[in-house]
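Summary of structural features
Single-letter residue listing:
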Amino acid sequence: MTAQERADLEKFIEQAWETAIGMGLEPFPVHFELVPAHVIYEIGSYGLPARFSHWTFGRDYHRQKTMYEYNVARIYELVINTDPAQAFLLENNSLLANKMVAAHVIGHSDFFRNNTYFAHTDRRMVERARLHADRIRQYEMEYGPQRVEQFLDAVLSIEEHIDPVEPTYRRPQPEEYRHQKPTLVRPTSEFDDLLGRVETPEPPSTRRIPPEPEKDLLLFLRDYARDLEDWQRDIIGMVREEMLYFLPQIRTKIMNEGWASLVHERILESLPLTPAEHLEFRRMHSSVLAPGSRMSINPYYVGYQILRDIERRWNGEPPEEDEQPETDWLQRPKPRPEGEGWRKLLEVREMECDVTFLRKYLTEGLVKRLDLYTYKLEEVNGELVWRIQETDWEKVRDALLDSMTNFGVPVVTVEDGDYDRRGELYLKHHYDGKPLDIEYTTRTLKNIYTIWGRPVHLETVADGTRLIFTCDGQQVKQRKG
Amino acid sequence: MWHHPPFILSQDPWDLHHRAERDRQRHNEKVKEVIKQNLGDIISHQDIITAHDGKIVKIPIRGLELPRIRFDPNQGKRVGQGPGGSQPGDIIGRQPGEGEGAGKQAGTEPGVDFYEAEFTIEELMELVFEDLHLPNLQEKGSKQVMADTTQFNTIARKGPLSNIDRKRTLIEAYKRSAKAGKPEFKIQADDRRFRSWEVVPEPQRNAVIFAMRDVSGSMGEFEAYICRSFYFWMLRFLRTKYTNTEIVFITCHTIAKEVDEQEFFAAGDSGGTKLSEAYKLALDIIEKRYNPREWNIYPFLFSDGYNWGDHEVVQLVERMASISNLIGYGEIADELWGHTDAFAPLGQALYERFATDPRVVLVRITSKEDVWPALKRFFSKHPEVEQL
């Protein structure tokens, strides 16, 4: 990018910023950096600049770079949730593309700052991740890269099994359980307490570990796996911290991208563009906001359309064609205050995550206009095909919500850390109708064994019966439970 | 400085920044490990055998992933999105069968992740040859042939960016600008320094390989193909790892002939078969040019096993065995002609005589996938011979 173009871009960002403030946005300050493609692909594949080293990041980097080189797909922008936010723009993008991207970044920065799910993220995560990387490199030197890689492989393969409620919630330690959970005693009259008839409940056994089923598998392993060395506990803790940082982004993907797309559109439309620029902007905008592969949904497009629909409805504008007017619970037309749309959007971007957002605002009309459907694998004439099942809006919405529950990961809890009094680990998959991938589960159990160091059990349901997988370090056996 | 509004726009040089390269290389190594396990399939492909140097070969493999506790990707409902007007019953994709995967884009099928690993022919060779050796090499003769090894031990001014030596580059930049009177770390192209390697010659032992090929009329297209592909890999291997080994090419039907490499590979098939001629010629050449006291000798012969005078061949192989390090006989059987597990007459005769003799290795090849195991059998270390 030439110095002239850079000056032009800088001036644009200034105006865009003022426009955004005028719209009620409150973004973090942003450091925009113009970088070559390989840098943006590197940071994109690691998730953070200077994050620790692992071959899976190298794999993603290689894929993204190859796709870029073959012109299959390209990242336009990358923004890191920190204060100030760090944004990376591609230096060989056209000037207009970078203007659009800069406006988009302002949207993300505003979202990071205001959305409640990000309230507990570490806004100095770049520095923290760098420290993690330094420590892991140190461990590689001390304990050998192979040992560290093997351990990281094991930890990363269960990285999603943490508890997103955790940052605000301190777990009671086992000894504190003595004072909790009084057993229920059937009252004989309402004066029991006065007459001293209340039995002192037996304190629950404090030997039980964990005292209650524990969803944060990483935390549990870090604290209770017996044979780990300090560096290994440290690695589990670091991976967990980074995952806690990334989780809100995973949970708000649709909203975050929808919001940033809406913001960049509003900003670019309110600033003067030449007709040629306007044409290029419209072309790029509609290529970003287009249905993707038929096997998935495009979060930019879906998020953007739902937000626009909310704005329209709260502005009291008439419904789209072939849509019923909204009614309240008495079947009366729902009154909407005029001109409330944008204020409502600011509220939505603050309060919701994807699951709540879709549950509240994905309407019948939207499912139809976005052409959403459910599909599954079926055998047709001896061939396995993916076939559309339903287009009914409630079924589609429920299937979508179902696929996002627990960020699309099976819910697994630690039931017992001293199973059978032999120090074995008993995990339970909370079956909700979707069976597990046996091959992957088997391989993952071996990884958990690597960390726990003793036999690991996992209870699940397959074909209607309870099934228990047991990994003894060598192999994984299954039995009906 | 933060101005108002609060943002900074900056553009800095990132030339030296290649952090991801290390992890990319580690991933490549892991891909290579997977490919090494499937070399048999890969090296039997025609397009690899006919490839010229530097050609890039694409090998589809299942992407390397960490396992996760995940839902079965082939069961249950998912949500997709169409361009409009999608109806229940519409087919939106097909699930490829097991083992397919070529030509597919990553990420189009849920749960299945294919990846096309790209290798140059040279890189592939390296993988193939990593575990191959000339067996039972002995120190013989005065004429020391050289084999080369490379060592990463020098610094160069030009090189691939992934080999850049940052510290030396910065020092160079600093020195240059200091000389100009303004010390700073502004890097120019001339300042770049790269880690580089030297070729270190390593003494090696004399060896001669006899590549013999049955070119009689009974050798069909398949037999010729197997034969060629075996010798192709053998030559590549010898020339990569044992740079100065001598190779004698012999074709044989009823008459044996010493030919050059090009003729050897191009030879058509005609006439009857008298393979004793090939061994006679080889023995003759050994007598004239390769004194067994000076040379490690490795005769290889590929045939379909239909031959005139098996007894004579057995006697000649006996003589040969007394002066060779290892004798290889490969018998190619096209399974289209009926399925048997037994050797053809020549192979049978050799087997009866040499089944317990570790100096003679007999291999039967019935499909393209057998070429790799054959190479491995011939060119692995044969400890049992070394004890003799």
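Above this note sits the structure.
Here the residue numbers are simple positions, counted from 1 along each chain's written sequence. Whichever chain is written first is A, and whichever ligand is written first is 1; the rest continue in order. With pLDDT at 70 or above as the cut-off, local features in this predicted model cover only qualifying residues; side-chain atom pairs require 80 or more to be listed or tallied, and sums for whole chains, interfaces and linings still use all residues. The side-chain figures draw on all heavy atoms in the structure; neither hydrogens nor water molecules are used.

Let's shift gears to the overall build of chain B. What counts as a helix is a DSSP run of H or I of at least four residues, what counts as a strand is a run of E of at least two, and both are numbered from the N terminus. The helix and strand tally for chain B stands at twelve helices and 13 strands. Restricting the contact set of chain B to residue pairs at least 6 apart, pairs at least 24 apart contribute 81%. Here the accessible surface of atoms and residues is derived via Shrake-Rupley with a 1.4 Å probe, and residues count as covered only by protein chains that are part of the display. In the structure as shown, chain B presents an accessible area of about 19,900 Å², 50% of it carried by carbon and sulfur atoms. What makes two residues a contact is simply this: any of their non-hydrogen atoms within 4.5 Å.

A separate point is the pattern of salt bridges. The working definition used for a salt bridge is a side-chain nitrogen of Lys or Arg within 4 Å of a carboxyl oxygen of Asp or Glu. Counting across every chain of the model gives 55 salt bridges over all chains. Across the salt bridge formed by aspartate 309 of chain A and arginine 313 of chain A, the nearest N and O atoms sit 3.5 Å from each other. With a gap of four residues between them, aspartate 309 of chain A and arginine 313 of chain A both fall in helix α11 (residues 299–314), about one helical turn apart. Exposure class is identical for aspartate 309 of chain A and arginine 313 of chain A. Each is buried. Across the salt bridge formed by arginine 176 of chain B and aspartate 191 of chain B, the nearest N and O atoms sit 2.7 Å from each other. Of this pair, arginine 176 of chain B sits in helix α5 (residues 166–179) while aspartate 191 of chain B is found in the loop between α5 and β7 (194–204), placing the two residues 15 residues apart along the sequence. Think of it in three bands: with a 1.4 Å probe and only protein chains considered, a residue is buried below 20% of the maximum accessible area for its type, exposed above 50%, and partly exposed in between. Here arginine 176 of chain B falls in the partly exposed class, since its relative accessible area comes to 28%. Look at the salt bridges and you will find they share partners, linking Glu149 of chain A together with Arg26, Glu29 and Lys30 of chain B into a network.

Moving on: the interface of chain A and chain B. Between chain A and chain B, the contact holds 91 residues from the first and 64 residues from the second. Surface buried jointly by chain A and chain B totals about 7,600 Å² across both partners, of which 56% is contributed by carbon and sulfur atoms. Each of two parts loses accessible area, computed with a 1.4 Å probe, when they are put together; buried area is these two losses added. When the buried area of chain A at its contact with chain B is split by residue, Trp55, Trp386 and Tyr440 of chain A rank highest and sum to 11% of it. Linking chain A with chain B are nine salt bridges, by the criterion used here. Among the ionic pairs, glutamate 159 of chain A bridges to arginine 68 of chain B, the shortest N-O distance being 3.3 Å. Polar contact criterion, stated in full: a pair of N or O atoms within 3.5 Å, where within protein one must be able to donate a hydrogen and the other to accept it, and residues adjacent in sequence count only if both atoms are side-chain atoms. In this structure, the connection of chain A to chain B is made through 42 residue pairs in polar contact (both at pLDDT 80 or more). Three classes are used: nonpolar for Ala, Val, Leu, Ile, Met, Phe, Trp, Tyr, Cys and Pro, charged for Asp, Glu, Lys and Arg, and polar for all others, with Gly counted as polar. Split into classes, the residues belonging to the side of chain A that touches chain B amount to 43 nonpolar, 21 polar and 27 charged.

Here the focus is the sheet that holds strand β2 (residues 77–80) of chain A. Strands were regarded as paired on the criterion that DSSP finds at least two bridges between them. Strand order in the open sheet formed by four strands is β2(A)-β3(A)-β1(A)-β1(B), and the pairing between neighbours is mixed. Every other strand in the sheet has two partners, leaving β2 of chain A together with β1 (7–11) of chain B as the edge strands with one partner each. Looking at each pair of strands side by side, their axes are set apart by 20° on average, direction ignored. Axis lines are fitted through C-alpha atoms, for helices just across the contact stretch, and the angle between N-to-C directions can take any value from 0 to 180 degrees. The sheet contacts of helix α4 (residues 95–114) of chain A involve β1 (30–35), β2 and β3 (85–90) of chain A, and relative to β2 of chain A the element is tilted by about 25°.

Right, let's get into the packing of helix α1 (residues 3–22) of chain A against helix α9 (residues 253–270) of chain A. Residue and element names in this part refer to chain A. Interaxial distance between α1 and α9 falls to 10 Å at its minimum, and their mutual angle equals 110°. By the angle between their axes, α1 is roughly perpendicular relative to α9. Handedness of the crossing formed by α1 with α9: right-handed. When α1 is examined against α9, the residues Phe12, Ala16, Thr19 and Ala20 are found in contact with a partner set consisting of Ile267, Leu268 and Ser270. Partitioned by chemical class, the residues of the contact of α1 with α9 number five nonpolar, two polar and no charged. Throughout this description, any angle smaller than 35 degrees is read as roughly parallel, any larger than 145 degrees as roughly antiparallel, any in the 65 to 115 degree range as roughly perpendicular, and the remainder as oblique. Handedness of each helix crossing follows the sense of rotation of the near helix against the far helix: counterclockwise by less than a right angle gives left-handed, clockwise gives right-handed.

A pair of aromatic rings is counted whenever rings of Phe, Tyr or Trp (Trp by its six-membered ring) have centres within 6.5 Å, and the orientation is called stacked for planes under 30 degrees apart, edge-to-face for over 60 and tilted otherwise. Using the criterion set out here, one finds 38 aromatic pairs over all chains in the structure. Both rings, one in phenylalanine 230 of chain B and one in tyrosine 231 of chain B, keep their centres 5.5 Å apart while their planes meet at 80°; by these two values the pair is edge-to-face. Accessibility assignment for this pair places phenylalanine 230 of chain B and tyrosine 231 of chain B in one class, buried. Placement of a charge over a ring requires the Lys NZ or Arg CZ to be within 6 Å of the ring centre, with the centre-to-atom vector within 35 degrees of the ring normal. Looking at arginine 19 of chain B, its charged tip hangs above the ring of tyrosine 46 of chain A, at a distance of 5.0 Å from the centre. Over the face of the ring belonging to tyrosine 440 of chain A we find arginine 70 of chain B, whose NZ or CZ atom lies 3.6 Å from the ring centre.

Here we come to the side chain of lysine 215 of chain A. Residues and elements named next belong to chain A. Following the sequence through the fold, lysine 215 ends up in the loop between α6 (145–156) and α7 (217–224). Positive charges come from Lys and Arg alone, negative charges from Asp and Glu alone, with His and the N- and C-terminal ends not counted. For lysine 215, which is buried and forms no salt bridge, the nearest opposite charge comes from aspartate 163, at a distance of 5.1 Å. Among the polar contacts listed, one links the side chain of lysine 215 to the backbone oxygen of isoleucine 162, at a separation of 2.9 Å. Among the polar contacts made by the side chain of lysine 215, one reaches the side chain of asparagine 406 at a distance of 3.1 Å. Here lysine 215 is in contact with His161, Ile162, Asp163, Pro164, Asn406, Phe407, Val411, Val412 and Thr413, once residues within four sequence places are set aside.

This brings us to unusual backbone geometry. All names here are of chain A. Following aspartate 83, the chain continues to proline 84 via a peptide bond in cis, the omega torsion being -5°. Along the chain, proline 84 falls in the loop between β2 and β3. The phi torsion at aspartate 420 lies on the positive side, around 60°, for a residue other than glycine. One can find aspartate 420 in the loop between β6 (412–419) and β7 (424–429). Here aspartate 420 falls in the partly exposed class, since its relative accessible area comes to 47%. In this structure, aspartate 463 takes a positive phi of about 50° despite not being glycine. Structurally, aspartate 463 is set in the loop between β8 (456–462) and β9 (465–471).

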